[in-house]
Amino acid sequence: MRLSELDPLIPLNELREALLKLPKGYSFYEDELVSFLSRRRWPESDRRIDRTTFWRWRNDNAIEHQKVFSRLDLLKLCQICDHYRVDGTRNEYLAIMKKKKEVILNK
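Here's a quick rundown of the structure. (Residues numbered from 1 in each chain as written. Predicted model: local features only at pLDDT ≥ 70, side-chain atom pairs only at ≥ 80, totals over all residues. Heavy atoms only, no water.)

## With respect to unusual backbone geometry
Non-glycine residue Ala-62 carries a positive phi angle of around 55°. Turning to its location among the elements, Ala-62 is positioned in the loop between helix H3 (51–60) and strand E2 (68–69). Phi angles above zero are rare outside glycine, and Asp-87 is one such case at about 65°. Of note, Asp-87 is situated in the loop between helix H4 (71–85) and helix H5 (90–106). (Helix = DSSP H or I, 4+ residues; strand = E, 2+ residues; numbered from the N terminus.)

In structure tokens:
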């Protein structure tokens, strides 16, 4: 499966289901991922996410990979992309992530 074949605005649930059908260990290259995220972030234009933004999103999600990304990485990056697409701020996103970590630690 190529990300370029997918509708960039595919809901996360449907994207997750499509990704589960891929072989275990399937990965995506950075360029393909950035192109998909750019189309998801700005579906009405040809704008492209710059490297600094991509690295910040990657760091905000504790993704340490450099050039190859897993299915879970893709889902995490789509989640942050969706947050920014609806005019969310970085502080709001970091607060959401902090709250999720607290919930996991309290279980």
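Having seen the structure, we can now continue with the description.
## Some remarks on the state of the cysteines
Per the stated rule, a full pass over the model turns up 0 disulfides. Note on Cys-78: no disulfide assigned, nearest cysteine sulfur contributed by Cys-81 at a separation of 6.5 Å. (Disulfide = S-S within 2.5 Å.)

## Brief notes about the nonpolar core
Leu-15, Leu-33, Leu-37, Phe-54, Trp-57 and Leu-74 are the most contacted members of the largest nonpolar core, which totals 26 residues. For this core, the secondary-structure elements that each account for two or more residues are helix H1 (12–20), helix H2 (30–41), H3, H4 and H5. Apart from the residues within four sequence positions on either side, Leu-33 is in contact with Leu-3, Phe-54, Phe-69, Leu-74 and Leu-77. (Core = buried A, V, L, I, M, F, W, Y, C linked by side-chain atoms within 4.5 Å. Buried < 20%, exposed > 50% of the residue type's maximum accessible area, 1.4 Å probe, protein only. Contact = heavy atoms within 4.5 Å.)

## Remarks on the pattern of salt bridges
Going through the model one piece at a time under the given rule, you end up with 6 salt bridges. Residues Glu-30 and Lys-67 are paired through a salt bridge, measuring 3.6 Å at the closest nitrogen-oxygen approach. With a gap of 37 residues between them, Glu-30 in helix H2 and Lys-67 in the loop between H3 and E2 connect regions that are remote in the sequence. Across the pair Asp-60 and Arg-90 runs a salt bridge whose closest N-O atoms are separated by 2.7 Å. Pair noted here: Asp-60 is in helix H3 and Arg-90 is in helix H5, with a separation of 30 residues, a long-range link. Asp-60 gets classed as buried once you look at its relative accessible area, which sits at 12%. Within this structure, Glu-30, Arg-51 and Lys-67 form a network of salt bridges that share partners. (Salt bridge = Lys/Arg side-chain N within 4 Å of Asp/Glu carboxyl O.)

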